Amino acid sequence: MSQYDPAGTGHNPNVTGPTSDVEPAWVYNAPSWFHGASAPIRIGGTLYAVGTGVAAVNVEDGSERFVRRGPYTSSFAVADAEPYRTPTLAVTSTGGVYGVNAGGGIDVPGTDRGIGSERWEGPPYGEYRPTIEHSPTVDPIAHEGTVYAPIVGTNDIASMNASDGSVRWRVTVEEDDVISASFGRPTIKNEMLFVANWPNQVSAYDIDDGSLLWEQERADQMQLCTPASDAGIIVTSRTGVALLDTDDGDSIWERDLDGNATEGTAAITDDTVLLSDGNTEFHALDLETGELHWSKEFHGETQPVVADGIVYAVEQKSSLHAFDVDTGTEQFSYEPSEVPLSPPIIGDERLYLTNRRRVLALEETA
């Protein structure tokens, strides 16, 4: 799923990515209606990319497996779903939450649609409030057969059965009756769900019944980021970053980065926090103390991912950079011919990204 795991760490400890200059291993050219900007996901030998629909391609060579048009905009989160033989892909859009068949369903000849390609549609069931943010859809997460997602156009977070979309619990985070809350991607750690919502609130819920465990009002406007670790929850604001205690939300440390971030998130390894300040620098900090290890010139917000000691981050949605996690040394950069460029995912010494009407696999230059 987006940011790799339910905890939202962005850190995949089981794979290796490229460490020097890259070039396309393959390029998949999607149909003209496809407009991809969200990170793809991988299930086995298939890569799933979203952009007003889904494009499923072969990881090895980029050949098309199927395409399906649909109102989908976020990244997918994969969940096992009974009684189906294939997983369900949870995805959100301005219309609600959807469960999509990872097998694509049965082709309808001559169309980009399929019978059984969409398994269910979740809330908001006709409810809608205007949102103050320009990008209201948020990536869902999946955990043990359950999908968790903010409900677009409402002030609610919902837990849904991945098999049929039925609501297990639904809670209202913000009581404002006029404007809908703007949420970050939820995260899960130790059977607790964490979520930040604009402008400055962080909340923790029991994943079984949605009961509120704690709620904190922060002093600065939130960047809507809550990656969770054994050390605590990382939250980012417009100007800095903090580590919160998972038990009560109290601050363990705070660091002012003199930033100006409104989007993006942080990635965390076992001992390092990696993030852009949204202004002019990318930083690595000690997870336990907040001590600054290194900074590199980097403009704008980003959603970094990490594997095998390398952090990969897309700058201003147009160029990909790779830094050594320990030293900050830049390993390589890559700028595609088209924009926007999505956050990458990592696997088999490759990076996979969506790039407007294309899906890319990048590998080290021979």
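A quick note: this is a predicted structure, and the numbers were derived from the prediction, not measured.

Rules and cut-offs
- Along each chain, residue indices are assigned from 1 in the same order as the chain's sequence is written.
- Reporting of local features is limited, given that this is a predicted model, to residues whose pLDDT is at least 70; pairs of side-chain atoms are given and counted only at 80 or more, and all residues count toward the totals for whole chains, interfaces and linings.
- In computing side-chain properties, one takes all heavy atoms of the structure into account and sets aside hydrogens as well as water.
- Under the DSSP-based scheme used, a helix requires at least four consecutive residues in state H or I and a strand at least two consecutive residues in state E, with every element numbered from the N terminus.
- When we talk radius of gyration, it's over C-alpha atoms, and the globule rule is simply 2.2 Å times the number of residues to the 0.38.
- Under the scheme applied here, a residue whose accessible area is under 20% of the maximum for its type counts as buried, over 50% as exposed, and between as partly exposed, the area being computed with a 1.4 Å probe on protein chains only.
- Residue contacts are defined here by distance: any two heavy atoms, one from each residue, within 4.5 Å place the two residues in contact.
- Asp and Glu are treated as the negative residues and Lys and Arg as the positive ones, with His and the ends of the chain left uncounted.
- A single reference atom marks each charge: NZ on Lys, CZ on Arg, CG on Asp, CD on Glu.
- Any two strands are treated as partners once DSSP identifies two or more bridges connecting them.
- Between N-to-C directions, angles cover 0 to 180 degrees, with each direction set by a line fitted to C-alpha atoms, over the stretch in contact for helices.
- Two joining distances apply to patches: 9 Å for like charges and 5 Å for nonpolar side chains (Val, Leu, Ile, Met, Phe, Trp, Tyr), and every residue must have over 30% relative accessible area and no salt bridge.
- Surface exposure here means Shrake-Rupley accessible area, sampled with a 1.4 Å probe, where a residue is shielded only by the protein chains that are shown.
- Any carboxyl oxygen of Asp or Glu within 4 Å of a side-chain nitrogen of Lys or Arg constitutes a salt bridge here.
- Note on ring pairs: Phe, Tyr and Trp rings are taken, using the six-membered ring of Trp, and paired if centres are within 6.5 Å. Classes follow the plane angle, with under 30 degrees stacked, over 60 edge-to-face and the rest tilted.
- In plain words, nonpolar cores are sets of buried Ala, Val, Leu, Ile, Met, Phe, Trp, Tyr and Cys residues tied together by side-chain atoms within 4.5 Å.

A.B. asks: Please provide a residue-by-residue account of the overall build of the protein chain, values included.
C.D. replies: Check the secondary structure of the protein chain and you find zero helices and 33 strands. By the compact-globule yardstick of 21 Å for 366 residues, the protein chain fits well, its C-alpha radius of gyration being 19 Å. Taken along the three principal axes of its C-alpha coordinates, the protein chain extends 60 × 55 × 30 Å. Here the protein chain, with 366 residues, has 58% of them falling under the buried criterion. In the protein chain, of all internal contacts separated by at least 6 residues, the share reaching a separation of at least 24 is 49%. The centroid of the 21 positive side-chain charges in the protein chain is displaced by 10 Å from the centroid of its 58 negative side-chain charges.

A.B. asks: Describe the sheet that holds strand S29 (residues 319-324), with residues and values.
C.D. replies: Pairing in this open sheet of four strands is antiparallel, and the strands run S27-S28-S29-S30 from one edge to the other. The open sheet has two edge strands with one neighbour each: strand S27 (305-307) and strand S30 (330-334). On average, each strand axis in the sheet is inclined to that of its neighbour by 20 degrees, with strand direction left out of account. Here S29 runs beside S30; their pairing, made up of four bridges, is antiparallel. Bridging across to S30, His321 finds its partner in Ser333.

A.B. asks: Pulling in residues and values, what's your account of the environment of Asn12?
C.D. replies: Here Asn12 is to be found in the segment before strand S1 (22-29). For Asn12, a relative accessible area of 12% corresponds to the buried category. On a C-alpha basis, the gap between Asn12 and Ile345 in space is 9.2 Å, while along the polypeptide they are 333 residues apart. If we ignore the near neighbours within four places in the chain, the residues touching Asn12 are Tyr4, Val306, Ala307 and Ile346.

A.B. asks: Explain the pairing of strand S8 (residues 96-101) residue by residue, including any values.
C.D. replies: Among the six residues of S8, six are classified as buried, and the element is accordingly described as predominantly covered. Both strand S7 (residues 88-93) and S8 contribute to a ladder of six bridges, which runs antiparallel. Each bridged residue has a counterpart across the sheet, and for Val91 the counterpart in S8 is Tyr98. The antiparallel pairing of S7 with S8 creates a hairpin that spans two residues between the two strands. Bridge count between S8 and strand S11 (residues 118-121): three bridges; the pairing is antiparallel. For Val100, the partnering residue across the bridge sits in S11 and is Glu118.

A.B. asks: Break down a negative patch on the surface for me, with residues and values.
C.D. replies: Taken together, the side chains of Glu144, Glu191, Asp208 and Asp209 present a region of like negative charge at the surface. Turning to its location among the elements, Asp208 is positioned in the loop between strand S18 (201-206) and strand S19 (212-217).

A.B. asks: Can you break down the environment of Met222 residue by residue, with the values?
C.D. replies: Along the chain, Met222 turns up in the loop between S19 and strand S20 (233-236). Sequence-wise, Met222 and Thr236 are 14 residues apart; in three dimensions their C-alpha atoms are separated by 6.2 Å. Apart from residues no more than four positions distant in its own chain, Met222 is found in contact with Ala196, Asn197, Trp198, Pro199, Asn200, Gln201, Val202, Val235, Thr236 and Ser237.

A.B. asks: Report on the packing of aromatic side chains, specifying residues and quantitative values.
C.D. replies: For the structure on display, the rule yields 11 aromatic pairs. Ring geometry for Tyr148 and Trp169: centres 6.1 Å apart, planes at 50 degrees, overall tilted. Linking Tyr148 in strand S13 (residues 146-151) with Trp169 in strand S15 (residues 167-172), this pair joins segments that are 21 residues apart in sequence. Of the two residues examined, Tyr148 and Trp169, each falls in the buried class. Clustering of aromatic rings is evident, with ring pairs tying together Phe282, Trp294, Phe298 and Phe323.

A.B. asks: Give a description of the nonpolar core that names residues and reports values.
C.D. replies: By size, the foremost hydrophobic cluster in this structure holds 26 residues, and its most contacted members are Tyr148, Ile157, Met160 and Leu193. Breaking this core down by element, the ones donating at least two residues are strand S6 (77-79), strand S12 (141-143), S13, strand S14 (156-161), S15 and strand S17 (192-197). In terms of residues, this core owes the most to one element, S13, which gives four residues. With residues up to four places along the chain from it excluded, the contact list for Leu193 reads Tyr148, Ile157, Pro186, Thr187, Ile188, Ser203, Ala204, Tyr205 and Ile207. Formed by 17 residues, the second largest nonpolar core is a distinct cluster that contains Tyr312, Tyr334, Leu341 and Leu351.

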